[in-house]
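# Structural overview
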Amino acid sequence: MCVDHNLPPLVDADHNIININHYNNPFDTHPLSLQALESQNIQDHIPQFDESTDSKSNSNAKSKSVNTVLSSTTSLELLSRYRSKFISSKEVSIDEVGTDSVGTLSTVEIINLAAEKFISFSANKANGYTMFTHPYGSSAFTRLSMDEIREVELVFQLLTAAEKVGKKQFEIASKFLVRCGWVASDDGSPVERLVFHLCDALQERIGKETGMPAPKKPKKFGDIDMSNMMTIRLDGMGTVRHRPPSGDETPSTPPPSVLILVRPHRRDVAICDEPNMVGPLCLCLYIRHGYLYIDQKNENPLALGANPSFLASHQTLPFTQVWQLCGIQAIIDQVGTSSKVHLIDIHIRSGIQWTALIQALSERKSEIELLKITAFATSSDIQKVGETGKRLECFAKTLSLPFVFKILVLSDITEVKEEQFDVQDGEAVAVYCQVILRTMISRPQSLENLMRAIRKINPLVIVVAEVEANHNSTSFVNRFTEALFFYGAFFDCLEACMCRDDVHRGILEGVHFADGMKNIVACEGDERVSRSVNINTWRLFFKRFGMVEIELSDSCMYQANLVLQQFSCASSCTLQNNGKCLIIGWKGTPLQSLSTWKFVQE
């Protein structure tokens, strides 16, 4: 298949969304075990993953560089487009904005109202400081509670600050960020938390643009200075002095450890009584003779060998399990009754999902001669990948399933070659890529080499699970707007699924999400590694490699809905079809995609 070297710019197409939340299983298929899950000629140049434009935009529109100072009109059109996209997905107008089950607006609905206000004021060319006292224009605002009005105003000020940053009016932007800081909080409502971290990201960008570093805040998960005795107020536990253990005072057998969470704007800590759940940025403490002792060892004794906060989100949030079990079902559908199955996992992590595949294959009526898993690893994580393999081998042994785990060690994916996959005759090959391809967008040579190598082994199916967002625009304002809606939905989900003082929620928001937002908003060039693109962009990219999309089976849809119903927040998590792809979202906001592919052979 010849590839057109003059493809038009990548665009977002309009799609017909089909709701499948109430899909029933008409087939005699066994659901994958949740219990087990929890225990062609190719063009030489890869197209640039750049900003996806609206389907109604002129395909010849001039691209914007990162240094372009966007006009108010441009930013307004962008924000209006995003706002209308999320509103139309729910098929309601701004004056008909609804409330959730407890009678409050969702985070994205608050953002929509703030966007309406921002568009209205900007269209009237209001002055920055007169915006604060300008009356609201929509009848929707008259029905808001005082808290909701305050949150709308907070997001409105954040949008104004972002616009000023885009115009390089950094002094005015900083004043708006200070005002946001009066209300925003990393332990308040989801809107307050979202604005808190986005303010940090904007402040960091201002620092990079002006050469004046942003003022440092105390680290949320930072070290406590042990050089001097201090007093720390423990929530609900009174005052406890602490000092470093020394000499005979150090217990030979310390009591069980707990996590502490140091908050940036209060001299207190939150306590989690889960022993040994020590993440990379958490401190381990114990109390003896009235003193607080701190152990900063970064050990992880969890059986699954994964980051405990990621495990907590895996068990609490529905997205990952829907992703994984639906993807596993797609693999089972494609390998059919093959007696030898070879799974290649580009980024295996804990490998917890493959326990479900092992169990499903062990229960198959036809005899399985071998399940082989090949996992990519680097010199820095080869030990962890090896431990993952041992756990999977033990699990397969308990089910009497012939199993082999192989590690493909590479210093960089650019090194991968066809023969390294060690594909044998008679093996049904499947490739699994979960949130890994996007990390190579900034390194097109790596991505190109990987796709060429995979094409040569001609797998039956390639499962691609990715973030459904466009965080790769060259325009700062575009990326900020996308991040605002995307992370707004995620913060709303965490509010529904985890307690506000949950330590793992604090780590997810304050470390992982915060770092993601800063990278999207504050970084440029090679420093910007968070470059997610949407499914339409991936489709255009895969097409250039002679790949065609495979429709997810009815069994996959059944599995997705089956998993979803195990969560209390199932009604807010949305499953939608985008062509042959499954889009997983929160209250209508797309967050993740799952698609399956194969190569068309000449």
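Residue positions are given per chain, counting from 1 as you read along its sequence in written order. Under the rules for a predicted model, residues below a pLDDT of 70 receive no local features and side-chain atom pairs below 80 are neither given nor counted, while totals for whole chains, interfaces and linings still include all residues. In computing side-chain values, all of the structure's heavy atoms are included and hydrogens and water are not.

The protein goes by Putative transcription factor GRAS in an unreviewed UniProt entry, where it is assigned to Helianthus annuus. Turning to the protein, the UniProt record has this under Sequence similarities (unreviewed entry): "Belongs to the GRAS family." UniProt positions are given in the numbering used here, feature names are shortened, and annotations may be inferred rather than shown by experiment.

What follows deals with the overall build of the protein. When you go through the protein residue by residue, the secondary structure sums to 15 helices and 16 strands. Summed over all atoms, the accessible surface of the protein reaches about 26,800 Å², with 51% contributed by carbon and sulfur. By definition, any uninterrupted DSSP run of H or I lasting at least four residues is a helix, any uninterrupted run of E lasting at least two residues is a strand, and each is numbered from the N terminus. Only the protein chains shown count as cover for residues, and the accessible areas themselves come from Shrake-Rupley with a 1.4 Å probe.

Once that is clear, we can look at the side chain of E192. Looking at the secondary structure, you find E192 in helix α6 (residues 190–210). Between N or O atoms, a polar contact is any pair within 3.5 Å; within protein, one atom must be a potential hydrogen donor and the other a potential acceptor, and residues adjacent in sequence are included only when both atoms are from side chains. In this structure the side chain of E192 is engaged in a polar contact, spanning 2.7 Å, whose partner is the side chain of R150. Residue contacts are counted whenever heavy atoms from the two residues lie within 4.5 Å of one another. Residue contacts for E192: discarding those within four places in its chain leaves R150, L154, V183, A184 and S185.

The subject of this paragraph is the packing of aromatic side chains. Only Phe, Tyr and Trp rings take part, Trp by its six-membered ring, and two of them pair if their centres are within 6.5 Å. Stacked means planes under 30 degrees apart, edge-to-face means over 60, and tilted covers everything else. Applying the stated criterion to the full structure yields 17 aromatic pairs. Residues F319 and F490 carry aromatic rings whose centres are separated by 5.5 Å and whose planes lie at 75° to one another, so their mutual orientation is edge-to-face. Here F319, found in helix α8 (residues 319–335), pairs with F490, found in helix α12 (residues 476–497); they are 171 residues apart in sequence, far enough to count as distant. Here the two residues F319 and F490 agree in accessibility, since each one is buried. Relative accessibility under 20% of the residue-type maximum defines a buried residue, over 50% an exposed one, and the middle range a partly exposed one, all with a 1.4 Å probe and only protein chains included.

A word on the pattern of salt bridges. Only one rule defines a salt bridge in this text: a Lys or Arg side-chain nitrogen within 4 Å of an Asp or Glu carboxyl oxygen. Overall, the coordinates contain 21 salt bridges when judged by the stated rule. Measuring nitrogen to oxygen at the nearest pair gives 2.7 Å for the salt bridge that ties R150 to E192. Within this pair, whereas R150 is found in helix α4 (residues 146–166), its partner E192 is found in helix α6, the two being separated by 42 residues in sequence. On the accessibility criterion, R150 (31% relative accessible area) is partly exposed. For K168, the salt bridge is made with E209, and the minimal N-O distance between the two is 3.2 Å. Within this pair, whereas K168 is found in the loop between α4 and α5 (170–183), its partner E209 is found in helix α6, the two being separated by 41 residues in sequence. Judged by its relative accessible area of 33%, E209 falls in the partly exposed class. One salt-bridge network, in which partners are shared between bridges, spans K168, R205, E209, R479, E524 and R528.

When pLDDT is averaged along the protein, the result is 74; 64% of the residues meet or exceed 70. For every residue, the predictor states its confidence as a pLDDT score lying anywhere from 0 to 100. This stretch, residues 51–72, has a pLDDT under 50; its non-local contacts, to residues over four places away or in other chains, come to 40 contacts. Per-residue pLDDT stays below 50 along residues 218–305; that stretch engages in 176 contacts with residues further than four places along the chain or on separate chains.

The phi dihedral of N458 falls on the positive side, at around 50°, and the residue is not glycine. With respect to the element layout, N458 can be found in the loop between α11 (444–457) and β12 (461–467). Taking relative accessible area as the criterion, N458 reaches 36% and is therefore assigned partly exposed. We note that K587 has phi near 55°; this positive angle belongs to a residue other than glycine.

Moving on: the pairing of strand β9 (residues 370–377). By the criterion of burial, β9 is predominantly enclosed, with seven of the eight residues buried. At least two bridges found by DSSP between two strands are what make those strands a pair. Strand direction decides the pairing type here: strand β8 (residues 340–345) and β9, joined by six bridges, are parallel. Across the sheet, residue L343 finds its bridge partner in β9, namely I373. Sheet topology places β9 next to strand β10 (residues 403–409); seven bridges connect them, and they run parallel. Bridging from a neighbouring strand, T374 pairs with K406 of β10. The handedness of a crossover follows from its direction of travel: if, with the strands pointing away from the viewer, the path from the first strand over the helix to the second runs clockwise, the crossover is right-handed. Tracing the backbone out of β9, into helix α10 (residues 382–398) and back to the parallel element β10 gives a crossover that is right-handed.

To define axes, lines are fitted to C-alpha atoms, for helices over the stretch in contact only, and angles between the resulting N-to-C directions are given on a 0 to 180 degree scale. At their nearest, the axes of helix α3 (residues 107–123) and α12 sit 8 Å apart, and the two run at 145° to each other. Together, T107, V108, I111 and N112 of α3 and L484, F485, G488, A489 and D492 of α12 make up the contact between the two elements.

This part takes up α5. Take the residue count of a helix, subtract one, and multiply by 1.5 Å to get its expected span. Given a rise of 1.5 Å per residue, 14 residues ought to cover 20 Å, and the 20 Å separating the end C-alpha atoms of α5 matches this to within 8%. Taken together, the buried positions of α5 are occupied by F170, A173, F176, L177 and C180. The buried side chains of α5 occupy one side of the element, clustering within an arc of 120° when seen end-on. Summarising the geometry of α5, the exposed residues directed more than 90 degrees from the buried face are E171 and W182. Summarising the geometry, the arc corresponds to the directions from the helix axis toward the C-beta atoms.

The next point concerns the pairing of strand β11 (residues 428–434). Summarising burial for β11: seven of the seven residues are buried, a large majority. Here β11 shows a buried face lined by A428, A430, Y432 and Q434 and a second buried face lined by V429, V431 and C433. As defined by bridge partners, β8 adjoins β11 across five bridges and the pair is classed as parallel. Paired with D345 across the two strands is Y432, which belongs to β11. Viewed along the sheet, the connection from β11 through α11 into β12 turns out right-handed.

What follows covers the environment of L450. In this structure, L450 sits in helix α11. A sequence separation of ten residues divides L450 from M440, and the C-alpha atoms of the two residues are 9.7 Å apart. In this view, L450 contacts I346, F376, I413, V416, L437 and M440; residues no more than four positions away in its chain are not counted.

The terminal C-alpha atoms of α12 lie 31 Å apart, and with 22 residues this matches the ideal 32 Å at 1.5 Å per residue to within 8%. With respect to burial, α12 is a largely interior element, 20 of its 22 residues being buried.

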